[in-house]
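Residues per chain are reported as follows:
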Amino acid sequence: MDNKFINKIKEIYDTVRQKPMLVYGIGCLLLAVFSFFFTYYLRVIYSPVWLGQIKGTLVISLAFILLWTAYMVAARFRNSNMPLFMTLLLFVLGMVFVYATPPNQVPDEHTHFLRSYQMAQGQWGFDQNHVFPDDVNSLIAHFHVAHNNGFPAKEGNTVYNRFLEYYAAVNSGEKAQNYGIIIFQVIPYIPGAIGIFIAKLIGLGALGAYYANRIANLAFFCMCCYRALKFSGKFRVILFTLMSLPLMVFMAASCNSDSFLFGLMFLMFGAVLSRQFDNAKAVIFALCLAVLTTCKMSYIVFLPLFFCIPKEKWQVKAKNKDISRLVYLALTLVVFVLIYQGMALYVQAFSNFGEIPRTMTDSDPAKQLIFILKNPLRYAAVFADTLKNNSFFLFSGGMLGWLDVKLPLINYLTPVVVLLACIKQADVFDKKDMQKTLWFFICSILTYAVVLTGLYLSWTPVTLPQIIGLQMRYVYPAFLGFCMAAGQYFSTRTRKNVKNTDVSCIATSYIFTVITAVLMLIVYYLPERAVVFVA
């Protein structure tokens, strides 16, 4: 009897799955029911006076149904073009964070926006006397960085009130203080500058330009991810899992130049994960690595990554003659040196800045380096203790904002979501992938070593027994190596999956990141109050 009942349930489930419109309708109904109870929860815990039960249910259910609709529309490409399906979901998630994240609440976003705005105005050099429009200065003035740290949501004083203050300042013609920035880079800000230029062209103000910057960065990130997913073949689901984690989408949908750099990082990874490493992928790898290393020197650890490519897959040629790996290594270094030195000469030619004082007066890279060389065991202890105190940065996926939006549930679940994807995707790994896994894992270890040591030299006061200035995003490039090692490990210890698990992994990541956006919105817009709810 039990078997008959189970078989009947499976039969109904299989029948429903074959009817997309029925699945869509059931999903909408369940989301509407969930929205009703979620609205009630918000009214009980936060008691916003403006949130009625009916109005709240309608608005929240509409938002969730739109996201569900976007997923179902993207799913139409699931069988014909899986990378496009994944990329569309990334773009949808990114657009959620574009508007869910308040202005200036991504680390360093305000200065990066100003740099992009400079370039959109035609200033591709570096002018310390550059003057921004009044509405741009007001935008920076009224949306304080680390908002949740200095201005936690209170009744009548949430991020919503910052928008009201900003619009009032613009309408009154407020003359805010002009902001200066010290950024000597061009390449990572090109997409954002294009977005701002288009926004200004159609008559949008500073806030419109700000969101245009975010959208342009997100579009570039998604284009890089699409190509990376096309290249990476059987590893694409694991790559997508890392692309779609909340912290990554949070950064990708911002004005921060890390959006640009992370896009290139995934494209570089996709090139070496491809089935064949030909001339086109060799050029992509060399250019991505050169630009990444020019902007952030820690990416130099990925220089030897192409050695993970099996000999029979190496198809780099010149005039029908094979180019050896050592020759390619030399050529890649030449490309990096040309871009790096070219950028240095560009800064010298187009900058009117004098000597820039160090922001951390207690730090001294030369003295710190001497200290490390004289006390290697002491530094090893500092290094290990920093990793221990930060849980190897594996449980920081819910540290959003300027690390002032702490979402403990997301911190705990981020590694769980990644680990589940590695277990479900264990089937894609075999013994032939050991070489790739080993090289990625080596680069991951080197990433931790270089990032932590770099910040100890440049940002930490001399002899301090703790490395400061660290964030999870700095070591994010290391996580693919860990995922591949986990996948390789589970490939010999789990039973082979009969069913394809790609869609379940993708859907899990999509839902997880949407939940994170909702939790972040609550932090910024709903003040928690200890009041008695009156129906």
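Predicted, not measured: the structure shown is a model, and the values here were computed from it.

(A) Expanded view of the overall build of the protein. Scanning the protein for helices and strands turns up 21 helices and six strands. By the compact-globule yardstick of 24 Å for 535 residues, the protein fits well, its C-alpha radius of gyration being 25 Å. When burial is assessed residue by residue, the protein has 49% of its 535 residues classed as buried. In the protein, the share of contacts with a sequence separation of at least 24, taken over all contacts with a separation of at least 6, comes to 79%. Separation between the mean location of the 44 positive side-chain charges and that of the 25 negative ones in the protein comes to 10 Å.

(B) Summary view of the environment of phenylalanine 482. Along the polypeptide, phenylalanine 482 turns up in helix H20 (residues 479–491). Residue classification places phenylalanine 482 among the partly exposed positions, given a relative accessible area of 24%. Linking phenylalanine 482 and threonine 437, residues 45 residues apart in sequence, is a C-alpha distance of 8.6 Å. Phenylalanine 482 has contacts with Phe441, Ser444, Ile445 and Tyr448, leaving out every residue within four places of it along the chain.

(C) Representation of the pattern of salt bridges within the structure. By the definition in use, this model includes eleven salt bridges. The salt bridge partner of aspartate 108 is arginine 473, with a shortest N-O separation of 3.6 Å. Note that aspartate 108 is positioned in the loop between helix H4 (82–100) and helix H5 (109–120) and arginine 473 in the loop between helix H19 (434–458) and H20, a separation of 365 residues in sequence. Measuring nitrogen to oxygen at the nearest pair gives 2.6 Å for the salt bridge that ties lysine 317 to aspartate 322. In this structure lysine 317 comes out as partly exposed when scored by relative accessible area, which is 32%. Given a relative accessible area of 55%, aspartate 322 falls into the exposed group. One network of salt bridges, with partners in common, ties together Asp108, Asp258, Lys296 and Arg473.

(D) Structural context of the packing of helix H10 (residues 206–232) against helix H13 (residues 258–273). Two elements in contact, H10 and H13, have axes whose closest approach is 7 Å; the angle formed by their N-to-C orientations is 10°. Judged by the angle between their axes, H10 and H13 are roughly parallel. Touching Asn217, Leu218, Phe220, Phe221, Cys224, Cys225, Arg227, Ala228, Phe231 and Ser232 of H10 are Ser259, Phe260, Phe262, Gly263, Leu264, Phe266, Leu267, Gly270, Ala271 and Leu273, all from H13. For the contact of H10 with H13, the residue count by class is 14 nonpolar, five polar and one charged.

(E) Structural detail: H13. Over its 16 residues, H13 runs 22 Å from end to end, which matches the ideal 22 Å to within 8%, given 1.5 Å per residue. Extensive coverage of H13 is indicated by the burial of 16 of its 16 residues.

(F) Examining the packing of aromatic side chains more closely. The tally for this structure, following the rule as stated, stands at 48 aromatic pairs. These aromatic residues form a ring-pair network of at least three members: Phe277, Phe285, Phe306, Phe307, Trp314, Tyr328 and Trp439.

(G) Broad picture of the state of the cysteines. Evaluation of the coordinates by the stated rule reveals zero disulfides. Cysteine 288 takes part in no disulfide bond, and the closest cysteine sulfur to it belongs to cysteine 224, at a distance of 6.7 Å. This cysteine, cysteine 422, is not joined by any disulfide, and cysteine 483 carries the nearest cysteine sulfur, 4.0 Å off.

(H) Focus on the nonpolar core. In this structure, Phe113, Phe266 and Phe277 are the most contacted members of the largest nonpolar core, which totals 150 residues. Here this core takes 15 residues from H10, the largest share from any one element. Once you skip the residues sitting within four places of it in the chain, phenylalanine 113 turns out to touch Val136, Leu139, Ile140, Ile196, Ala206, Ala209, Tyr210, Asn213 and Cys255. Judged by nonpolar contacts, the second largest core, of nine residues, contains Met119, Ile183, Tyr189 and Val347.

(I) Here's a closer look at unusual backbone geometry. For phenylalanine 392, which is not a glycine, the phi torsion comes out positive at approximately 60°. Positionally, phenylalanine 392 belongs in the loop between helix H17 (376–389) and strand S5 (399–400). Here phenylalanine 392 falls in the partly exposed class, since its relative accessible area comes to 44%. In this model, leucine 403 sits at a positive phi of 60°, which is unusual for a non-glycine residue. When you line up the elements, leucine 403 lands in the loop between S5 and strand S6 (405–406).

(J) Summary view of H19. With 25 residues, H19 should reach 36 Å at 1.5 Å per residue; the first-to-last C-alpha distance of 36 Å fits that figure. Looking at H19, one finds that the buried residues are Lys436, Thr437, Phe440, Cys443, Ser444, Thr447, Tyr448, Val451, Leu452, Leu455, Tyr456 and Leu457. Buried residues belonging to H19 abut H13, helix H16 (365–374), H17 and H20.

(K) Structural view of the side chain of threonine 414. Tracing the backbone through its elements, the reader meets threonine 414 in helix H18 (residues 408–424). Using a relative accessible area of 3% as the deciding quantity, one classes threonine 414 as buried. At 2.7 Å, the side chain of threonine 414 forms a polar contact with the backbone oxygen of isoleucine 410.

(L) View of the packing of helix H14 (residues 279–295) against helix H15 (residues 325–350). Relative to each other, H14 and H15 sit at 40°, their axes nearing to 9 Å. When the interaxial angle is binned, H14 and H15 end up oblique. For the pair H14 and H15, the sense of crossing is right-handed. In this structure, H14 uses Ala282, Phe285, Ala286, Leu287, Leu289, Ala290, Val291, Thr293 and Thr294 to contact H15, whose residues at the interface are Tyr328, Thr332, Val335, Phe336, Ile339, Tyr340 and Met343. Of the residues in the contact of H14 with H15, the class split is 13 nonpolar, three polar and no charged.

(M) Expanded view of the confidence of the model for the protein. Summary statistics for the protein give a mean pLDDT of 93 and a share of 96% for residues scoring 70 or more. Residue range residues 530–535 is modelled with pLDDT below 50. Its contacts to residues more than four positions away, or to other chains, number four contacts.

Criteria and cut-off values
Residues numbered from 1 in each chain as written. Predicted model: local features only at pLDDT ≥ 70, side-chain atom pairs only at ≥ 80, totals over all residues. Heavy atoms only, no water. Helix = DSSP H or I, 4+ residues; strand = E, 2+ residues; numbered from the N terminus. Rg over C-alpha atoms; globule rule 2.2 N^0.38 Å. Buried < 20%, exposed > 50% of the residue type's maximum accessible area, 1.4 Å probe, protein only. Contact = heavy atoms within 4.5 Å. Lys, Arg positive; Asp, Glu negative; His and termini not counted. Charge placed at Lys NZ, Arg CZ, Asp CG, Glu CD. Salt bridge = Lys/Arg side-chain N within 4 Å of Asp/Glu carboxyl O. Axes fitted to C-alpha atoms, helices over the stretch in contact; angles between N-to-C directions. Parallel < 35°, antiparallel > 145°, perpendicular 65-115°, else oblique. Nonpolar A, V, L, I, M, F, W, Y, C, P; charged D, E, K, R; others polar. Expected span 1.5 Å × (residues − 1). Phe/Tyr/Trp six-rings, centres within 6.5 Å; stacked < 30°, edge-to-face > 60°. Disulfide = S-S within 2.5 Å. Core = buried A, V, L, I, M, F, W, Y, C linked by side-chain atoms within 4.5 Å. Polar contact = N/O pair within 3.5 Å; in protein donor to acceptor, adjacent residues only side chain to side chain. Left-handed = near helix turned anticlockwise from the far one by under 90°. pLDDT = per-residue confidence, 0-100.

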